[in-house]
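So the chains spell out like this:
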Amino acid sequence: MAVDVAGYGDSRRTSPHRLVLRQALYQALQQAFGVARVPWQACQHIDCGDGVLVLVPPEIPKSALADSLPRALTDRLRRHNDLHPPEEQLGLRMALHAGEIVRDEYGVTAPSINHAFRLLAAPPVKAALAAAGPLVMVTSAWFYDEVVRQCPTIDSGAFRPVEVAVKETYAVGWLALPGTTAAPRHP
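A short tour of the structure in this document, coming up. (Residues numbered from 1 in each chain as written. Predicted model: local features only at pLDDT ≥ 70, side-chain atom pairs only at ≥ 80, totals over all residues. Heavy atoms only, no water.)

### Overview of the pattern of salt bridges
Taken as a whole, this structure holds seven salt bridges when the rule is applied. We note a salt bridge from Arg-12 to Asp-10, for which the minimum N-O separation is 2.5 Å. Overall, Asp-10 belongs to the partly exposed group, its relative accessible area being 25%. Across the pair Asp-75 and Arg-79 runs a salt bridge, and its minimum N-O distance is 2.8 Å. A residue pair is termed a helical-turn pair when its members lie 3 or 4 positions apart in one helix, as Asp-75 and Arg-79 do in helix H3 (residues 68–82) at four residues. Given a relative accessible area of 48%, Arg-79 falls into the partly exposed group. (Salt bridge = Lys/Arg side-chain N within 4 Å of Asp/Glu carboxyl O. Buried < 20%, exposed > 50% of the residue type's maximum accessible area, 1.4 Å probe, protein only. Helix = DSSP H or I, 4+ residues; strand = E, 2+ residues; numbered from the N terminus.)

Written as structure tokens, this is what we have:
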């Protein structure tokens, strides 16, 4: 799982604003993981400055990441945003993918990690967040087929395909707007 704060580098934001955003991001993630019953401490968290890569152990069901976690995270983001000025409000893009990773003395690497970050950077994903906020979720085609469509508690009809054309990645992602009653619009 990877998340990215929208507009983190916006010139209206100062370093103190960014510190509030980072604190709120981690607090919202930890609380949402708790609600979703995904143990935060069992996951590896890699700080990306304006986001976080969360490596979830394989024994934790992936369905929680696409079902209860996004709803809980949306709720936490709305609560935060209701109490803060625009410069301290959080909009998040969240990507879900699965795959093998390799570790070295510097951290982790893998095509699956690159793919998750390309999903986050896709223009249709950024546009959906700007239109609907505070959270947009995009899954890889594999994650959609193998997890979302197979889980009876997830409404797979709430997802729509989007083109992911970022750097060397050309793929289809599946986009949803957790916590909204409207289905994502097709372009």
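Further notes follow.
### Topic: the pairing of strand S4 (residues 92–96)
In terms of residue burial, S4 counts as a mostly covered element, since five of its five residues are buried. On S4, burial covers both faces: Leu-92, Met-94 and Leu-96 on one face and Arg-93 and Ala-95 on the other are all buried. When strand S1 (residues 2–5) meets S4, the two strands line up antiparallel, connected through four bridges. Across the sheet, residue Asp-4 finds its bridge partner in S4, namely Arg-93. Two elements, S4 and strand S7 (residues 135–140), share five bridges in a ladder whose sense is parallel. Opposite Leu-96, over in S7, you have Thr-139 as the bridge partner. (Pairing = 2+ DSSP bridges.)

### Considerations on the sheet that holds strand S3 (residues 51–55)
Pairing in this open sheet of seven strands is mixed, and the strands run S2-S3-S1-S4-S7-S9-S8 from one edge to the other. Among the strands making up the open sheet, the edge pair consists of strand S2 (44–47) and strand S8 (160–166). Across the sheet, the mean angle separating the axes of adjacent strands is 25° when strand polarity is ignored. Examined bridge by bridge, S7 and strand S9 (residues 169–176) share four bridges and lie antiparallel to one another. Paired with Met-137 across the bridge in S9 is Ala-176. Set on the sheet, helix H6 (residues 141–148) makes contact with S4, S7 and S9; between it and S7 the angle comes to about 90°. (Axes fitted to C-alpha atoms, helices over the stretch in contact; angles between N-to-C directions. Contact = heavy atoms within 4.5 Å.)

As far as function goes, none of this settles anything; it's purely spatial.
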